[in-house]
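# Secondary and tertiary structure notes
Here's the letter readout for the chains.
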Amino acid sequence: MPARSITSLQLGGKKVLVRCDFNVPLAEGKIQDSERIDASLDTIRYVTERGGAAVLCSHLGRPKERTPELSLKPVAEYLTNVLGKKVALAPDCIGDITGKMIEMLKPGDAILLENLRFHPEEEANDRDFSHELARGKQAYVNDAFGTAHRAHASTAGVTRFIAERAAGFLMMRELEALRSVTVNPEHPAVAILGGAKVSDKMGVIKSFIAKLDAILIGGAMAYTFLKAKGVGVGRSRVEDDKLVLARELLDEAAAKGKRIVLPVDHVVAISADEESTATVTQIPVDMMGLDIGPATVDSFIAELSRAKTVIWNGPLGLFEREPFSHGTMRVGEALANMPGVKSIIGGGDTAAAVGHQPWSKQFTHISTGGGATLEFLEGIELPGVKALES
Ligand code: AMP
């Protein structure tokens, strides 16, 4: 059942707890990338413009206890700047002082609660902590898609105590984009999968074989599939304990008439730190494949140019190093420039690899969630979304 949207809530005069994903990279107290904050600004503005008082909350990093370096202070300062109104940082996410600050908020105000994970009860989805978090708020909005796969106090437990609840605009955008791939996608529908490990993506591959027409596999995970087919992969990264499963997936796809397209050439080196590289069709025994080669890039682009829907999860090579980034970049740029193709880009490493390129604006959607995207695509119900249902 699709979650209710924030637009269905009456927000005027209410204190609205808004769960955001402000888990941004910080260096020496400075925000390195504000994308996750920016992605929720329309939700925050909507609450305040409708006469609600926005009580914003988020986690930051993985503290086990109160850790000054993981304070949300830089985020409060950033929000004050971009919203053009004071967004105070409460000293904690619960407690009397914070409670008083919330009580004093007027319609249109916004406040940010301190890092939820300063309390281990947040991740434990503790009932009393959830109750405390809900105290004094009359509505709840979850906009934190990136944490929706976790049943924590602020994403799940708190909804037991706030009846008026809905998904924010970012959450709605994310769910709609991913549903357009998994529920009756426009065909041909093609997935691009890459990244380091097959084991993380087995469930997703199974679900894609059932729903999509073709799966293009690059990255290190391609070598497990190639080895399972008996192709020499030299010293490339392979998950030997997944060879049988990889063979089964190839057979399952063939039996269902779905295509799994594997690399036909590779950029190889003696090691991942090596500067000297070569492009080969057969990987020498002492070398490892670190990127897809140009013929593979062309074959992937040819597949994509026939598609109507494309979902991409995982870089196609060791993109962090320039010599091995070309496959990911060339496929990304070509896809971004294909008119009429719905292109959904998974969060995490895929967004890190291509999300800052000038052409990335042309993708239909770049997800802010890594783990949440994978679980959704696998068909797992996200606890943070389920908790929004009444
Ligand atoms: P994942 O978290 O599974 O999406 O994996 C992402 C990581 O896989 C990135 O850090 C990439 O550098 C790495 N990766 C992609 N292709 C390769 C490859 N051929 N060999 C080694 N690492 C790779």
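The rules behind the values
Residues numbered from 1 in each chain as written. Predicted model: local features only at pLDDT ≥ 70, side-chain atom pairs only at ≥ 80, totals over all residues. Heavy atoms only, no water. Near = heavy atom within 4 Å. Polar contact = N/O pair within 3.5 Å; in protein donor to acceptor, adjacent residues only side chain to side chain. Areas by Shrake-Rupley, 256 points an atom, 1.4 Å probe, with all protein chains shown as cover. 1 Å grid on protein atoms, 1.4 Å probe; cavity = no way out; pocket = protein on both sides within 12 Å on 5 of 7 lines; lining within 4 Å. Sits in = over half its atoms within 2 Å of the grid points. Nonpolar A, V, L, I, M, F, W, Y, C, P; charged D, E, K, R; others polar. Phe/Tyr/Trp six-rings, centres within 6.5 Å; stacked < 30°, edge-to-face > 60°. Helix = DSSP H or I, 4+ residues; strand = E, 2+ residues; numbered from the N terminus. Buried < 20%, exposed > 50% of the residue type's maximum accessible area, 1.4 Å probe, protein only. Axes fitted to C-alpha atoms, helices over the stretch in contact; angles between N-to-C directions. Parallel < 35°, antiparallel > 145°, perpendicular 65-115°, else oblique. Left-handed = near helix turned anticlockwise from the far one by under 90°. Contact = heavy atoms within 4.5 Å. Expected span 1.5 Å × (residues − 1). Arc of directions from axis to C-beta. Salt bridge = Lys/Arg side-chain N within 4 Å of Asp/Glu carboxyl O. Pairing = 2+ DSSP bridges. Right-handed = clockwise from strand over helix to strand, strands pointing away. Domains from an automatic or database assignment. Buried area = accessible area lost by both parts, 1.4 Å probe.

## A few points about the site of the ligand
The environment of the ligand is made up of 15 residues, and the closest members are Ala196, Gly289, Gly317, Glu320 and Asp349. A distance of 3.1 Å is found between a nitrogen atom of the ligand and a backbone nitrogen or oxygen belonging to Gly289. Taken by itself the ligand offers 510 Å² of open surface, and the protein chains cover 83% of this. The cavity where the ligand resides is the second largest pocket. The class makeup of the residues in the shell around the ligand is seven nonpolar, four polar and four charged.

## Quick word on the packing of aromatic side chains
Each aromatic ring pair is described using two quantities: the centre-to-centre distance and the angle formed by the ring planes. Summed over all chains, the structure comprises two aromatic pairs. Considering the side-chain rings of Tyr46 and Phe169, the 5.2 Å spacing of their centres and the 85° angle between planes classify their relative orientation as edge-to-face. Highlighted residues: Tyr46 in helix α2 (residues 41–49) and Phe169 in helix α7 (residues 169–182), separated in sequence by 123 residues. Plain terms: the ring middles of Trp359 and Phe363 are 6.1 Å apart, the flat faces sit at 85° to each other, and that makes the pair edge-to-face. Its relative accessible area of 6% is what places Phe363 among the buried residues.

## Regarding the packing of α2 against helix α3 (residues 73–83)
Helix packing for two helices is described by the angle between their axes and how far apart those axes are. In contact at an axis separation of 12 Å, α2 and α3 are set at 70° when each is read in the N-to-C sense. By the criterion of interaxial angle, the relationship of α2 to α3 is roughly perpendicular. As α2 runs across α3, the sense of the crossing is right-handed. Packed against α2, whose contacting residues are Leu41, Ile44 and Arg45, the element α3 presents Leu79, Val82 and Leu83 at the interface. The residue inventory of the contact of α2 with α3, partitioned by class, reads five nonpolar, no polar and one charged.

## Digging into helix α11 (residues 294–305)
Given a rise of 1.5 Å per residue, twelve residues ought to cover 16 Å, and the 16 Å separating the end C-alpha atoms of α11 matches this to within 8%. The set of residues buried in α11 consists of Thr296, Val297, Phe300, Ile301, Glu303 and Leu304. The buried side chains of α11 occupy one side of the element, clustering within an arc of 160° when seen end-on. Check the buried side of α11 and you find it contacts β9 (189–193), β10 (214–217), β11 (259–261), β14 (288–292), β15 (309–313) and α12 (326–336).

## Describing the packing of α7 against helix α14 (residues 371–378)
Between α7 and α14, whose axes approach to 10 Å, the crossing angle comes to 35°. Like other packed secondary-structure pairs, α7 and α14 cross with a definite hand, here right-handed. Contacts between α7 and α14 involve Leu175, Leu178, Arg179 and Thr182 from the first element and Thr373, Phe376 and Leu377 from the second. Taken together, the residues of the contact of α7 with α14 sort by class into four nonpolar, two polar and one charged.

## Focus on the pattern of salt bridges
Tallying each qualifying case throughout the model produces 18 salt bridges. A salt bridge links Arg330 to Asp298, with the shortest nitrogen-to-oxygen separation between them at 3.2 Å. Note that Arg330 is positioned in helix α12 and Asp298 in helix α11, a separation of 32 residues in sequence. Judged by its relative accessible area of 43%, Asp298 is partly exposed.

## Brief notes about the pairing of strand β16 (residues 342–345)
A regular strand carries its side chains on alternate faces of the sheet. Pairing analysis gives four bridges linking β15 to β16, with the strands arranged parallel. Counted as the bridge partner of Ile311 is Ile344 from β16. Viewed along the sheet, the connection from β15 through α12 into β16 turns out right-handed.

## So, the domain arrangement of the chain
Segmenting the chain into domains produces domain 1 (6–173) and domain 2 (184–377). Taken over C-alpha atoms, the centre of domain 1 sits 35 Å from the centre of domain 2. Residue-level contacts link ten residues of domain 1 with nine residues of domain 2. In total, domain 1 and domain 2 occlude about 760 Å² of area from one another, counting both sides; carbon and sulfur atoms represent 60% of this. In terms of surface lost to domain 2, no three residues of domain 1 exceed Arg36, Phe145 and His149, which account for 56% of the buried area on that side. Put simply, domain 1 and domain 2 have zero salt bridges between them. Where domain 1 packs against domain 2, one counts two residue pairs in polar contact (both at pLDDT 80 or more). Among the elements of the structure, α1 (35–38) and α7 are those that each provide at least two residues to the side of domain 1 that touches domain 2. Tallied by class, residues from the side of domain 1 that touches domain 2 come to three nonpolar, two polar and five charged.

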